[in-house]
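Coordinates in review
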Amino acid sequence: MLSIIIPFHNEEENIPVLTDRLIDICSKHNFEFEIILVDDGSTDNSKSGIQNSKFQSHKILKLISHKKRLGKGQALFSGLQEAKGDTIVFMDADLQDDSHDIPKLLEKLDQGYDFVNGIRVGRKDSFLIKIYSLFAKLFLKVFLHSPYTDINCGFKAFKRKVLNNFTFYGNNFRFFPLAVYYNGYKVTEIPVQNQQRIHGKSKFGVNKVFIGFLDTLTAYFLYKFSERPLHFFGMIGGAFFSTGFFIALYLSYERIFYNKLLFNRPVLLFAMVLILVGIQVILTGFIGELIVYISKKNSS
Ligand code: UDP
Ligand code: MG
């Protein structure tokens, strides 16, 4: 069975068109399917259209409501908790994703992949966003070893089993494709159409790309280092400490053997700051280890 999960916030013009298209396509392909619409605290009439739809009584359409706006990530999570299917599709409600791409995504899953991410083609972004995306993509590829071209694309399909070992919270849904990859599942990507939004407004401002990048970094940190914080803090603190230490060592050497007085050498201050900051950061790592240890002890 296929569960299509659609988070929405104030998309009243888009929802009826989208559900009609989805039902049309899924019926044509004879999919056994359900559409889970997650209302993320909408303040317009998005909900009433769904409640009046004949498909709701046929149990094809399911509606879940948040009392207030909790964000797209939380909405996806609420949808997953209701989903019965062993194949899951995430898509946006704003008609930017093309329902015709669903069979193509599912075809990849049939070929043995566990997770298929979309690559949006035909995006009409500003020059600035394009440059920024390029930079973020390179960073993700080089430092986080991302296999994806368009990690922020909300249109994706996957088998339910990839959800093991992943907890949705806050905004970490942006990191979800990477986590699946790190967990050793077979992932791939295909181009998907991306249309201009016609009705309603984008819910994320221009800062979304930057925030998205920060979210990915946070998730990366939590995912890689939450069990061993000292490795992370130790590396950074160690770099600070040793730089400061070697500068101080050099200054001491010159003081002792060449009698260069220290009172007129401001770089000494710099070295001292580096040493102190380094020690602080390393100790933060120890506190992190302590927290992990105590929480493990309490949960075992
Ligand atoms: N969305 C949501 N809660 C939010 C923000 C967005 O449910 O707090 C939904 C929104 O209604 C849409 C999808 O998430 O269905 C993607 O949002 P949007 O189209 O605004 O993002 P963009 O395409 O501009 O990145
Ligand atoms: Mg959109």
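Just so it is clear, the model here is predicted, and its values are computed rather than measured. (Residues numbered from 1 in each chain as written. Chains lettered and ligands numbered in written order. Predicted model: local features only at pLDDT ≥ 70, side-chain atom pairs only at ≥ 80, totals over all residues. Heavy atoms only, no water.)

**Some points on the overall build of the protein chain**
Regarding its fold elements, the protein chain presents 10 helices and seven strands. The globule rule puts the C-alpha radius of gyration for 300 residues at 19 Å, and the 25 Å found for the protein chain is more than 25% above it. Principal-axis analysis of the C-alpha atoms places the extent of the protein chain at approximately 90 × 50 × 40 Å. Burial analysis of the protein chain (300 residues in total) assigns 43% to the buried set. In the protein chain, the proportion of contacts linking residues at least 24 apart, taken out of those at least 6 apart, comes to 80%. Accessible surface for the protein chain amounts to roughly 16700 Å². Of this, 61% is attributable to carbon and sulfur atoms. Of the charged side chains in the protein chain, 36 are positive and 27 negative, and the gap between their average positions amounts to 7 Å. (Helix = DSSP H or I, 4+ residues; strand = E, 2+ residues; numbered from the N terminus. Rg over C-alpha atoms; globule rule 2.2 N^0.38 Å. Buried < 20%, exposed > 50% of the residue type's maximum accessible area, 1.4 Å probe, protein only. Contact = heavy atoms within 4.5 Å. Areas by Shrake-Rupley, 256 points an atom, 1.4 Å probe, with all protein chains shown as cover. Lys, Arg positive; Asp, Glu negative; His and termini not counted. Charge placed at Lys NZ, Arg CZ, Asp CG, Glu CD.)

**What about the UniProt feature "transmembrane region" (unreviewed entry) in the protein chain?**
Per the UniProt record, the feature "transmembrane region" (unreviewed entry) sits at residues 230–253 and 268–294. The span residues 230–253 is 100% helical and 0% strand by assignment, and the distance between its end C-alpha atoms comes to 32 Å. Between the end C-alpha atoms of residues 268–294 the distance is 39 Å, and the span holds 100% helix and 0% strand. (UniProt positions renumbered as here; feature names shortened; annotations may be inferred.)

**Brief notes about the site of ligand 1**
The environment of ligand 1 is made up of 17 residues, and the closest members are Glu11, Asp40, Asp94, Ser202 and Lys203. The separation between an oxygen atom of ligand 1 and a polar side-chain atom of Arg69 is 2.7 Å. Here Ser202 contributes a side-chain N or O atom positioned 2.5 Å from an oxygen atom of ligand 1. Within the complex, the protein chains bury 93% of what would otherwise be the 530 Å² of accessible surface of ligand 1. (Near = heavy atom within 4 Å. Polar contact = N/O pair within 3.5 Å; in protein donor to acceptor, adjacent residues only side chain to side chain.)

**Some details on the pattern of salt bridges**
Within this structure, the stated rule accounts for 13 salt bridges. Between Arg120 and Asp150 there is a salt bridge whose closest N-O contact spans 2.8 Å. Highlighted residues: Arg120 in strand 5 (residues 115–121) and Asp150 in the loop between helix 6 (127–143) and strand 6 (156–159), separated in sequence by 30 residues. For the pair Arg120 and Asp150, a shared accessibility class is recorded, and that class is buried. Three or more residues are tied together by salt bridges with common partners; here these are Glu11, Asp94 and Arg197. (Salt bridge = Lys/Arg side-chain N within 4 Å of Asp/Glu carboxyl O.)

**So, the coordination of the magnesium ion (ligand 2)**
At this site the magnesium ion (ligand 2) is bound by Asp94 (OD) and Gln96 (OE1), with donor distances of 1.8 to 1.9 Å. Take Asp94 and Gln96: they sit in the same class, and that class is buried. (Donors = N, O, S within 2.8 Å, 3.2 Å for Na, K, Ca; no water.)

**Notes on the sheet that holds strand 4 (residues 87–90)**
In spatial order, the strands read 3-2-1-4-6-5-7; together these seven strands make up an open sheet with mixed pairing. At either end of the open sheet lies a strand with only one pairing partner, and these are strand 3 (61–66) and strand 7 (187–193). Strand-to-strand, the axes of this sheet are offset by a mean angle of 20°, without reference to chain direction. Two strands pair when backbone bridges link them, and strand 1 (residues 2–8) and strand 2 (residues 33–40) are joined in this way by seven bridges, in the parallel orientation. Each residue of the ladder has a partner; that of Ser3, found in strand 2, is Glu34. In the packing of helix 1 (residues 14–28) onto the sheet, contacts are made with strand 1, strand 2 and strand 3, and the angle to strand 2 comes to roughly 165°. Lying on the sheet, helix 5 (residues 102–110) is in contact with strand 1, strand 4, strand 5, strand 6 and strand 7; it crosses strand 6 at an angle near 35°. (Pairing = 2+ DSSP bridges. Axes fitted to C-alpha atoms, helices over the stretch in contact; angles between N-to-C directions.)

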